[in-house]
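Residue-level structure breakdown
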Amino acid sequence: MYSTLVMDHFTNTRNSGVLPDANAVARVENPVCGDMLELSLRVEDQTILEARFRAKGCVPTIACASRLTEMIQGTNLTDALAIRRESIIESLGGIPETSVHAAQLSIDALHCSLNCLSAPGKP
Amino acid sequence: MPSVYLDNNATTQLLPEVFEAMRPYFVEKFGNASSLYERGQQARAAVEAARKAVAALLGADPAEIVFNSGGTEGDNQAILGLVSAGDHVITSVIEHPAILNVCKRLEADGVTVTYLPVDGQGQVNPEDVRAALRKNTKLISVMMANNETGVVQPLEEIGKIAAEADVWFHTDAVQAAGKLAVKVARIQCDLLSISGHKLNAPQGIGALYVRRGTPMQPLIVGGPQEHNRRGGTENLPGIVGLGKAAEIASHWLADGGAERMAKLRDDFERVVSEQLECIHIHGLGAPRTPNTSDISFDGISGGSLMVALDQREVSVSTGSACASGDNHPPYVLLAMGLKRDRAHATVRFSLGKQTTQEEMDYAQSCLFAEVAKLRKLSPVWSNRNRKKKGSSASVHD
């Protein structure tokens, strides 16, 4: 059903939790299935230094969020915003077609959090 | 600990005794039950012995049992074999798709259908059945026990209403047969469907009880098999398997098997309620099949919990998994008034005849660990805990 990488990210989540000194935080929800993703980032000098997530949702939602945090840490904002849901899906070895919304939720959380980016140290 | 299978409402394991009973009919005793020579008559005798066993399980006459391919065919047959354009059908919103989708198709062909609601416990109100009766009501079809929640419907009352109104009455007893004492005379039903693989017989075999005198047209038209009620050569090994499984189920019920199973389930629910806060057992206030426990866990997704338990070799089910390609929560739970969030957070545990205390203990420990892990990850659960410091109340719906 799920790729080895999806299962690995689901079972051994990377960067789960909350960043106490985050300056970009967003929580997004898929109204259809109720999946929820919270992303907190610490951004300095146009670079995402740290990323953490918490999620309530299906296996792909958790796996995509976990993978996204790996992809964006240490990345400048321009490159981070250029990440598409297909990149997350591909890097996980694919997800079921019916679960594409899970990758979109991660992208939405990233864009939403960067939209409300505040100055470092001023969440 | 070997793998623990707690999805017996989906399908059950073929019992070894059932397999042994079937084995000769694949190879040595492979006759066609319609053939008049010895090999065929041997097959005929096996079919009729199985018919007796199934009839005994249901308290029916053997001549009233029609073998078929399973629950879906039985449900389809009961409706399509009786109902035609201009008729009215009464059913409920929580029926199996084998009923609901046939009704939807018939609506396009000039049949009117009333879909009765259920209450918060998942039960149909018999008075709603009475109120829905019309002059042209041809059939009432209400399931005996729900696959999702195990909630048992008040069929004796509904059967009485149907008899008084002189309306045909069908029940889908797929989830009840072999778990509850199902007696057609008590229910006063005219048609009743069962499925082999829900009671430790193989997949692909089932039976429809058809009360003598019910004017049912065959769904599958062919030869004169099953007294002209179902064409096609009989599935001999499957029928033998269903007969053996029915015989075992009859003994199991007489021997207090259902009570032992209910105790295992009830103990499981008690411990889960004690150990985990904010869980909700659906249909707890209604009579249920002894094997089913449908529980929602606030703050997490049932689909994720199912996969996490599967990683530990505990098989459970959820009707709302993205994994199934359907992001919609189970319609049965929504019909009971559950909010979508809670319905999405639901997992069904369904025990089997072979389920042991040791297996339930293992499933419990895995459940506690995985719920804790998913709740720790959940932003919803963390916020709830901040708002409700120290809350440990367990709520049962």
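All of the points below concern the structure found in this document. (Residues numbered from 1 in each chain as written. Chains lettered and ligands numbered in written order. Predicted model: local features only at pLDDT ≥ 70, side-chain atom pairs only at ≥ 80, totals over all residues.)

All right, on to the overall build of chain A then. Helices and strands together make up the secondary structure of chain A, namely 5 helices and 3 strands. Listed by position from the N terminus, the elements making up chain A come as α-β-β-β-α-α-α-α. Taken over the C-alpha trace, chain A has a radius of gyration of 13 Å; the compact-globule value for 123 residues is 14 Å, and the two agree within 12%. Summarising its shape, the C-alpha atoms of chain A cover approximately 40 × 25 × 25 Å along the three principal directions. Going through the 123 residues of chain A one by one, you find that 43% of them count as buried. (Helix = DSSP H or I, 4+ residues; strand = E, 2+ residues; numbered from the N terminus. Rg over C-alpha atoms; globule rule 2.2 N^0.38 Å. Buried ≥ 20, exposed ≤ 12 C-beta atoms within 10 Å, placed from the backbone.)

What follows deals with the packing of helix α2 (residues 38-58) of chain B against helix α9 (residues 236-254) of chain B. Residue and element names in this part refer to chain B. Taken N-terminus to C-terminus, the directions of α2 and α9 make an angle of 35 degrees; their axes are 8 Å apart at the nearest point. Here the hand of the crossing between α2 and α9 comes out left-handed. For the pair α2 and α9, the contacting residues are Ala43, Ala46, Val47, Ala49, Ala50, Ala53, Val54, Ala56 and Leu57 in the first and Leu236, Ile239, Val240, Leu242, Gly243, Ala246, Glu247, Ala249 and Ser250 in the second. Looking at side-chain class alone, the contact of α2 with α9 contains 15 nonpolar, 2 polar and 1 charged residues. (Axes fitted to C-alpha atoms, helices over the stretch in contact; angles between N-to-C directions. Left-handed = near helix turned anticlockwise from the far one by under 90°. Contact = placed C-beta atoms within 7 Å. Nonpolar A, V, L, I, M, F, W, Y, C, P; charged D, E, K, R; others polar.)

Time to look at the pairing of strand β12 (residues 346-350) of chain B. Residues and elements named next belong to chain B. Of all 5 residues that make up β12, 5 are buried, and the element is covered over most of its length. Alternating positions in β12 separate into two faces, Thr346, Arg348 and Ser350 on one and Val347 and Phe349 on the other, with burial throughout. Where strand β10 (residues 292-297) and β12 come together, 5 bridges link them in antiparallel fashion. Bridge pairing in β12 places Asp294 opposite Arg348. (Pairing = 2+ DSSP bridges.)

Moving on to the sheet that holds strand β5 (residues 137-141) of chain B. Residues and elements named next belong to chain B. Strands sit in the order β2-β8-β7-β6-β5-β3-β4 across an open sheet of 7 strands; the sheet is mixed. With partners counted over all chains shown, the strands left at the sheet margins are β2 (65-68) and β4 (112-116), one partner each. Neighbouring strand axes in the sheet, compared pairwise and without regard to direction, differ in orientation by 20 degrees on average. Relative to strand β8 (residues 206-210), strand β7 (residues 191-195) runs antiparallel, the two being bridged by 5 bridges. Within the sheet, the bridge partner assigned to Leu191 lies in β8 and is Val210. Along the sheet, helix α3 (residues 71-80) contacts β2, β3 (88-92), β5, β6 (168-172), β7 and β8; its crossing angle with β7, the most-contacted strand, is approximately 165 degrees.

Residue and element names in this part refer to chain B. Taken together, the 3 strands give an open sheet; going across it, the order is β9-β10-β12, and neighbouring strands pair in antiparallel fashion. Only two strands of the sheet have a single neighbouring strand rather than two, namely β9 (279-281) and β12. When the angles between neighbouring strand axes are averaged without regard to direction, this sheet yields 25 degrees. Contacts from helix α10 (residues 257-275) reach β9 and β10 within the one sheet, and its direction differs from that of β10 by about 15 degrees.

Turning to helix α5 (residues 100-115) of chain A, a few remarks are in order. Helix length check: α5 of chain A (16 residues) gives 23 Å between terminal C-alpha atoms against 22 Å at 1.5 Å per residue, within 8%. On its buried face, α5 of chain A sits against β1 (24-29), β2 (36-44), α2 (59-72), α3 (77-81) and α4 (85-91) of chain A. (Expected span 1.5 Å × (residues − 1).)

Within the element layout of this structure, Glu38 of chain B appears in helix α2. Residue Glu38 of chain B is classed as exposed on the basis of its C-beta count, with 9 C-beta atoms lying within 10 Å.

Residue and element names in this part refer to chain B. Within the largest apolar cluster, 147 residues are counted, with the highest numbers of intra-cluster contacts made by Val54 and Tyr209. A total of 9 residues in this core trace back to one element, the largest contributor, which is α2. Both of domain 1 (16-253) and domain 2 (256-387) provide at least three residues apiece to this core. Discounting chain neighbours no more than four positions away, the residues touching Tyr209 are Leu58, Ala60, Glu64, Ile65, Val184, Leu191 and Leu192. (Core = buried A, V, L, I, M, F, W, Y, C linked by C-beta atoms within 7 Å. Domains from an automatic or database assignment.)

Tallying the contact residues gives 23 residues for chain A and 20 residues for chain B. Breaking the side of chain A that touches chain B down by element, the ones donating at least two residues are α1 (4-11), β2, β3 (47-56) and α2 of chain A. Looking at the side of chain A that touches chain B residue by residue, the class counts come to 11 nonpolar, 7 polar and 5 charged.

Moving on to α3 of chain B. Most of α3 of chain B sits inside the fold, with 9 of its 10 residues counted as buried. Those residues of α3 of chain B that sit buried are Gly71, Thr72, Glu73, Gly74, Asp75, Asn76, Gln77, Ala78 and Ile79 of chain B.

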